Amino acid sequence: MNFFLSLALTFAALSPATAQCTTQLCPSRGITNPTAEYGDDDVLCSVLATQFTDGTLTEAECQVIANDAIIDCCPVKQSPQNCFICEDASATFNAAKAFPDGPTCGTIDDQFSYLPAGSCAVGFAGFVANGFNISSYCECSNVVAPNVCKVCDDDQDISTTANIPSDEIDFTCVEGAAYASHFNTQAACAVEVDIAETKAACCVDKGASGSTSSFSMNSFAGALMLLLAGVSFA
Ligand SMILES: *[C@@H]1O[C@H](CO)[C@@H](O)[C@H](O)[C@H]1NC(C)=O
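Report follows, based on the coordinates. Here the structure is a predicted model, which is why all the values come from computation and not from measurement. (Residues numbered from 1 in each chain as written. Predicted model: local features only at pLDDT ≥ 70, side-chain atom pairs only at ≥ 80, totals over all residues. Heavy atoms only, no water.)

1. Some remarks on the sheet that holds strand β3 (residues 156-159)
To keep things clear, this is the line we draw: By definition, two strands form a pair when at least two bridges between them are found by DSSP. A run of H or I in DSSP counts as a helix once it spans at least four residues, and a run of E counts as a strand once it spans at least two, with each numbered from the N terminus.
The strand order across the open sheet formed by three strands is β4-β3-β5, and the pairing between neighbours is antiparallel. Looking along the sheet, the strands with just one partner apiece sit at the ends: β4 (203-205) and β5 (211-212). In this sheet, β4 lies alongside β3 in antiparallel orientation, the contact comprising three bridges. Across the sheet, D157 pairs through a bridge with V204, a residue of β4.

Shown next as structure tokens:
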């Protein structure tokens, strides 16, 4: 999230004379954001730049990374905007909706505005990897929540008074169900959700007082952590 703050940081031009890769990182403008981090290994953009020139990376690797690292290492706001949190420019969304302790949908859409044409998938990658539908979470007018996660049995409803059993997040079962409705597949849920534990805590007999059937149900032990990691383009 800090690349907005560091946009103004020093321009650190590459040294083409010693380049191992013909492909350059941020060729036209150099690295505008040296303190940003790239990739799963959180490599500083300044370090990444040296890896382009010291032989660490192959030409093929440089080509892939150069395309991918633009948003982190040398972001430029696109005008007009090419990439949108709802994919469709004309769709509306809830800009104020936030991840717990995380960015708002408006902030995430603003990050999409830095992606050049043809690179929109970069913005979705972290969410897609976790099977989470950021477009439906942000209430895009053109997307219906997948709502495929199931924890409770068919003859059960969700307790409106119980909480998700988790040390990491403070959600009611109903909040958890709403959140989980944005997973694209049951398989993605099953990775994140302790089904048996959640079922025991959140599912009650159908029609029992203090229950609702308005959501399909899931919970998630590490889901929130993973998703917040996915929120960053780094
Ligand atoms: C969100 O879900 C819809 C179907 O409900 C699907 O068409 C769309 O591709 C998904 N988008 C993302 C970003 O996962």
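On we go.
2. Here we look at a negative patch on the surface
The condition is simple: Only residues whose relative accessible area exceeds 30% and that form no salt bridge are eligible for patches; like-charged ones are grouped when within 9 Å, while nonpolar side chains (Val, Leu, Ile, Met, Phe, Trp, Tyr) are grouped when within 5 Å. All accessibility values rest on the Shrake-Rupley procedure with a 1.4 Å probe; residue burial counts only the protein chains present in the view. A carboxyl oxygen of Asp or Glu within 4 Å of a side-chain nitrogen of Lys or Arg is what we treat as a salt bridge. Counted charges follow a simple rule, with Lys and Arg positive, Asp and Glu negative, and His plus the chain ends left uncounted. A charge is said to be at NZ when it belongs to Lys, at CZ for Arg, at CG for Asp and at CD for Glu. Burial here depends on accessible area, computed with a 1.4 Å probe over protein chains only, as a share of the maximum for the residue type. Under 20% is buried, over 50% is exposed, and the range in between is partly exposed.
Together, E37, D40, D41 and D42 make up a negatively charged patch on the protein surface. Looking at where D40 falls in the secondary structure, it is placed in the loop between β1 (37-38) and β2 (43-44). For D40, a relative accessible area of 80% translates into the label exposed.

3. As for the environment of D194
Mapped onto the secondary structure, D194 falls in the loop between α8 (186-192) and α9 (195-202). Sequence separation between D194 and P165 is 29 residues; the distance between their C-alpha atoms is 9.3 Å.

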